[in-house]
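Fold and contact review
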Amino acid sequence: MNRRVRAGLLLLAVLFASAALAPAISRHSPVDQPDVVRLQYAPPSWNHPLGTDFFSRDVLSRTLYGARISLSIACLSVLLSVTVGTMVGLGAGFAGSAVDAVLMRLVDAGLAIPRIFLLLVIAALWPRFSVTALILVLGLTSWFGTSRLVRAEVLSVRNREYVTASRVLGLGSSRIALRHVLPNVVAPILVAATLGVGNMILIEAGLSYLGFGVPQPTASLGNMIRDGQDALLRAPWVAITPGVFIIVTVLAFSVLSDGLRQASDPRSA
Amino acid sequence: MSAPAQSPRVSTDILVEIDRLVKEFPVERGLLATRDVLRAVNDVSLALRRGEILGLVGESGSGKTTLGRCAIRLIQPTDGRVMFEGTDLATLSARDLRRFRRRMQLVFQDPSGSLNPRMKVGDAVREPIEVHDIARGSRARARVAELFGEVGLDPSYVDRYPHELSGGQRQRVGIARALSVEPQFVVLDEPVSALDVSVQAQVLNLLSDLRRRHALTYLFVAHDLAVVRHVADRVAVMYLGRIMELADASVLYQRPSHPYTRALLSAAPVPDPTAKRERIVLSGDPPSPVHPPSGCPFHTRCFHPRKDARCVEERPELRPITAGQSTACHYADQW
């Protein structure tokens, strides 16, 4: 395995494990407010290794539990977006002509609207998102790029001789698309999806920061940064901890994605 | 070397009849998108007898591959018909055509490109067997092992990926896959051109054996006459989308009657250094099939001593010259 892939996977394993094992790592609940007067913005201590926030909640616990939420949202919405994007791209690229034209104009329209505005409009129309709704909204507004990518790959693969060979053998179209075309376009999809998770964490953080993402008191990395910005000088740990977590996660995903791209390039093999 | 033995199975019974086939491709060029038409195959009629190997020879761009692909309706001809045992292929619905594919197959030139790189070669051969409901499960797997044996591959190779095999082995997989559906007719599209010379002969022998064992009919597309010399029963020579000469192999190699065939034959190496040979070198490149010459398509490069104005004006039809030999040349019998 490629070195970057290994480094990315290792780093992600640590990050995901710490989120998954949150209750074992930190004794505090992420939402408990033990003493809003004396423990407000308490600096890091033995009891609260990364300090507390305005409501005296433990920052380490909130970061780990917030990471659970943020990572789940990012992974699931990317899964949704990649699934939809792959299906649309495969359909458009394989069917060609009219189907392709209609789908791709739709994608053009989708790509023409800046995603953050699209999300803000949806958020304005539908004020309180549950986490599930957030995953749906994020996933369903971010597949346009993937479908473009998949379509381009499909267009090149469908003219390969092994696809012609399948046709000569009398195989059906859906079988050819799923068994002969799709497996040969998986590599770029994987690369894009990996990079997509990092991006999605940033978008979810941005949305939560703007107050449209994960609703309080549930912690997410984005809404923690928002909580921390009021006391950035007095209690920098509140915003910096989730910020660092985001940076490291995004970095890990882009290293992994880069490694996957290298590994999938036959010239490097 | 000896002339090809006439196969006893070759009869006058027609399996595939290509009738006045035309295939045009649109060519767009330049900013103003002037539409030109490339006639890859121009009014070709050819009948394949059951059990024969018909060699189809021509330079690149002569339309031989296009003709081969039209013959199994992998591409739709612009005009003309292909009759397969009395069925007009153009009349088949998409669904019926898929079922009909069992009866006609194609072996590709490039054995690497024609195998899915992410599919084990055993699965590639098993897939059509299951899709066409020839056998399923363990019986299908047994059939794959049997086919591997037939094409000279160790059955343990079923779990290999194409990149783990050599070029010759991959071509054997391609042949096994074509045979998996038990076809009657196989178009061989330059099946040995991509292989090492040492492997070419083995694959040619294999194809010959398989024909005999399964009573197959081949349309063997090749770019030089040497490849089909020892396997073909009859040979058709194509130039600019038309057939220039069609003859029994034994006749064609002994007494080529079209100047183009003569030129092609003189270009083939002869394994006898003392043999006296007259090398005919054609001048220039073949003209563009978008703007073919008037009259005889070959007149721009012809070296026939009798060549005259008639060749420029009037296109010679393919006509019988001697028994088992037809030629499209006004002066074929006046050498």
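Residues numbered from 1 in each chain as written. Chains lettered and ligands numbered in written order. Predicted model: local features only at pLDDT ≥ 70, side-chain atom pairs only at ≥ 80, totals over all residues.

Helix and strand counts for chain A stand at twelve helices and zero strands. Listed by position from the N terminus, the elements making up chain A come as α-α-α-α-α-α-α-α-α-α-α-α. Referenced to the eigenvectors of the C-alpha coordinate spread, the extents of chain A come out at roughly 75 × 45 × 25 Å. Across the 269 residues of chain A, 42% fall into the buried class. (Helix = DSSP H or I, 4+ residues; strand = E, 2+ residues; numbered from the N terminus. Buried ≥ 20, exposed ≤ 12 C-beta atoms within 10 Å, placed from the backbone.)

Turning our eyes to something else, we now look at the nonpolar core. If you look at the biggest cluster of nonpolar residues, it comprises 144 residues, and the most contacted ones within it are B:Leu219, B:Phe220, B:Val235, B:Val237 and B:Ile243. Sort the elements by how many residues they give to this core and helix α3 (residues 59–95) of chain A lands first, with 13 residues. Not counting chain neighbours up to four residues away, the residues in contact with B:Leu219 comprise B:Leu48, B:Leu54, B:Leu56, B:Gly68, B:Ala71, B:Val187 and B:Leu188. Membership of the second largest hydrophobic core comes to five residues, among which are A:Ala92, A:Val107, A:Trp143 and A:Phe144. (Core = buried A, V, L, I, M, F, W, Y, C linked by C-beta atoms within 7 Å. Contact = placed C-beta atoms within 7 Å.)

Residues and elements named next belong to chain B. Sheet architecture is open: four strands sit in the order β2-β1-β4-β5, paired in antiparallel fashion. A single partner strand is all that each edge strand has here, and the edge strands are β2 (34–49) and β5 (87–88). For strand β4 (residues 79–84) and β5, the ladder comprises two bridges, and the chain directions are antiparallel. Bridged to phenylalanine 84 within β5 is threonine 87. Sheet strands in contact with helix α1 (residues 64–71) are β1 (14–29), β2 and β4, and its direction is about 125° off that of β1. (Pairing = 2+ DSSP bridges. Axes fitted to C-alpha atoms, helices over the stretch in contact; angles between N-to-C directions.)

Our next topic: the confidence of the model for chain B. All names here are of chain B. Predicted confidence across chain B gives a mean pLDDT of 89, with 93% of residues reaching 70 or more. Predicted confidence for residues 1–9 stays below pLDDT 50, and this span has 14 contacts to residues more than four positions away or in other chains. Interface confidence for the predicted complex, expressed as ipTM, amounts to 0.86; the pTM equals 0.83. (pLDDT = per-residue confidence, 0-100.)

Next up on the list: the interface of chain A and chain B. With 14 residues of chain A at the contact, the number on the chain B side is 21 residues. For the side of chain A that touches chain B, the element with the most residues is helix α8 (residues 161–168) of chain A, which contributes six residues. Here the residues of the side of chain A that touches chain B are counted per class, giving six nonpolar, five polar and three charged. (Nonpolar A, V, L, I, M, F, W, Y, C, P; charged D, E, K, R; others polar.)

A separate point is the sheet that holds strand β10 (residues 242–248) of chain B. All names here are of chain B. Strand order in the open sheet formed by eight strands is β6-β7-β8-β3-β9-β10-β12-β11, and the pairing between neighbours is mixed. Two strands lie at the open edges of the sheet, namely β6 (104–107) and β11 (319–322), each paired on one side alone. Put simply, the sheet's adjacent strands are angled 20° from each other on average, direction ignored. Bridge count between β11 and strand β12 (residues 325–327): three bridges; the pairing is antiparallel. Within the sheet, the bridge partner assigned to arginine 319 lies in β12 and is threonine 327. Strands β3 (53–57), β7 (185–189), β8 (217–222) and β9 (234–239) of the sheet are contacted by α1, whose axis makes an angle of about 155° with β8. Lying over the sheet, helix α9 (residues 259–267) contacts β3, β9 and β10, oriented at roughly 105° with respect to β9.

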